[in-house]
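If you want the building blocks of each chain, they are given just below.
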Amino acid sequence: MQNVGDAMKLRATIISPVEEANLISDCERRRLLLNFVIVGGGNSGVEPAGQIVDLLNEVHPYYKNVNGDDFSVSLVHNRGVLLPTLAPNLGEYTRTCLEEQGVNVVLNHRLKSVTARQVVLDDGTIMPVSTVVSTVGNAPNPLIT
């Protein structure tokens, strides 16, 4: 996210499936709509993960057909500790705090593929999902540079 406008777009991206799920009576379909995956355990991934779960916890009481156990927020990181630029104990503390909030923290895994309805991890694990937020860095191929 580069600016406040990007944060507002992400918020709308999170609220939209909640509103749609509120109209669905099929529990399994509703839960699929409310599965969110954040990719990247650096600062730009950890903060949105916590904010998304906070937002969902705050808004779901306003939707009569959406329960707190209908949504799932997962954070996938390719290293063994979150926030790798900080001290390891801070990364562990952050993981503990996120898990206490209800975030499913998946460490030491990369995404192999992403489709409209699922994320596949490098070990073959399939995670049903409706929204993927990628916070991984990007750079041009070294050959191009």
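See above for the structure.
What counts, and where the lines are drawn
Residues numbered from 1 in each chain as written. Predicted model: local features only at pLDDT ≥ 70, side-chain atom pairs only at ≥ 80, totals over all residues. Heavy atoms only, no water. Helix = DSSP H or I, 4+ residues; strand = E, 2+ residues; numbered from the N terminus. Rg over C-alpha atoms; globule rule 2.2 N^0.38 Å. Buried < 20%, exposed > 50% of the residue type's maximum accessible area, 1.4 Å probe, protein only. Contact = heavy atoms within 4.5 Å. Areas by Shrake-Rupley, 256 points an atom, 1.4 Å probe, with all protein chains shown as cover. Polar contact = N/O pair within 3.5 Å; in protein donor to acceptor, adjacent residues only side chain to side chain. Pairing = 2+ DSSP bridges. Axes fitted to C-alpha atoms, helices over the stretch in contact; angles between N-to-C directions. 1 Å grid on protein atoms, 1.4 Å probe; cavity = no way out; pocket = protein on both sides within 12 Å on 5 of 7 lines; lining within 4 Å. Points joined across faces, edges and corners; volume = space filled by probe spheres on them. Nonpolar A, V, L, I, M, F, W, Y, C, P; charged D, E, K, R; others polar.

K.L.:
Looking at this structure, I do not really get the overall build of the protein. What am I missing?
P.N.:
Check the secondary structure of the protein and you find 4 helices and 7 strands. Overall, the protein shows an N-to-C arrangement of helices and strands of α-α-β-α-β-α-β-β-β-β-β. A compact globule built from 145 residues would reach a C-alpha radius of gyration of about 15 Å, and the protein, at 16 Å, matches this within 12%. Dimensions of the protein, computed from C-alpha atoms along their principal axes, come out at roughly 50 × 35 × 35 Å. Out of the 145 residues in the protein, the part that is buried amounts to 38%. The contacts of the protein with a sequence gap of at least 6 include a subset with a gap of at least 24, amounting to 62%. Accessible area of the protein: about 8,700 Å², with a carbon and sulfur share of 52%.

K.L.:
I'm lost on the side chain of R30 in this one. Help?
P.N.:
Along the chain, R30 turns up in helix α2 (residues 27-33). Polar side-chain contacts of R30 include one of 3.2 Å to the backbone oxygen of N65. Contact partners of R30, with chain neighbours within four places excluded, come to A21, I24, S25, N65, V66 and D70.

K.L.:
Is there a simple way to think about the sheet that holds strand β5 (residues 118-121) in this case?
P.N.:
Two strands in a sheet stick together by hydrogen bonds in their backbones, pointing the same way (parallel) or opposite ways (antiparallel). The 3 strands lie next to each other as β4-β5-β6, forming an open sheet whose pairing is antiparallel. Of all strands in the sheet, those bounded by a partner on one side alone are β4 (111-114) and β6 (126-128). With direction set aside, neighbouring strand axes in the sheet form an average angle of 20°. Judged from the 3 bridges that link them, β5 and β6 form a sheet pairing that is antiparallel. Bridge assignment links V120 to a residue of β6, and that residue is I126.

K.L.:
Quick question: what am I supposed to make of the sheet that holds strand β3 (residues 103-106) here?
P.N.:
Taken together, the 4 strands give an open sheet; going across it, the order is β3-β2-β1-β7, and neighbouring strands pair in parallel fashion. Edge positions in the sheet fall to β3 and β7 (131-134), since each has one partner strand and no second. Ignoring which end each strand starts from, the neighbouring axes of this sheet average 20° apart. Relative to β3, strand β2 (residues 72-76) is paired through 4 bridges, and the arrangement is parallel. Within β3, the position partnered with S74 by the bridge is N104. Along the sheet face, helix α3 (residues 43-59) touches β1 (35-39), β2, β3 and β7 and points at about 175° away from the line of β2.

K.L.:
What's the story with the layout of surface pockets in this structure? I'm lost.
P.N.:
Counted as a void, the second largest pocket has a volume near 250 Å³. Together, 16 residues line the second largest pocket, and V39, G40, H77, N78 and V136 are the ones closest to its centre. Considered class by class, the residues forming the lining of the second largest pocket number 5 nonpolar, 9 polar and 2 charged.

K.L.:
I keep staring at the side chain of T131 and nothing clicks. Help me out?
P.N.:
Tracing the backbone through its elements, the reader meets T131 in strand β7. Apart from residues lying up to four places away in sequence, T131 is in contact with T13, P17, N35, F36 and V37.

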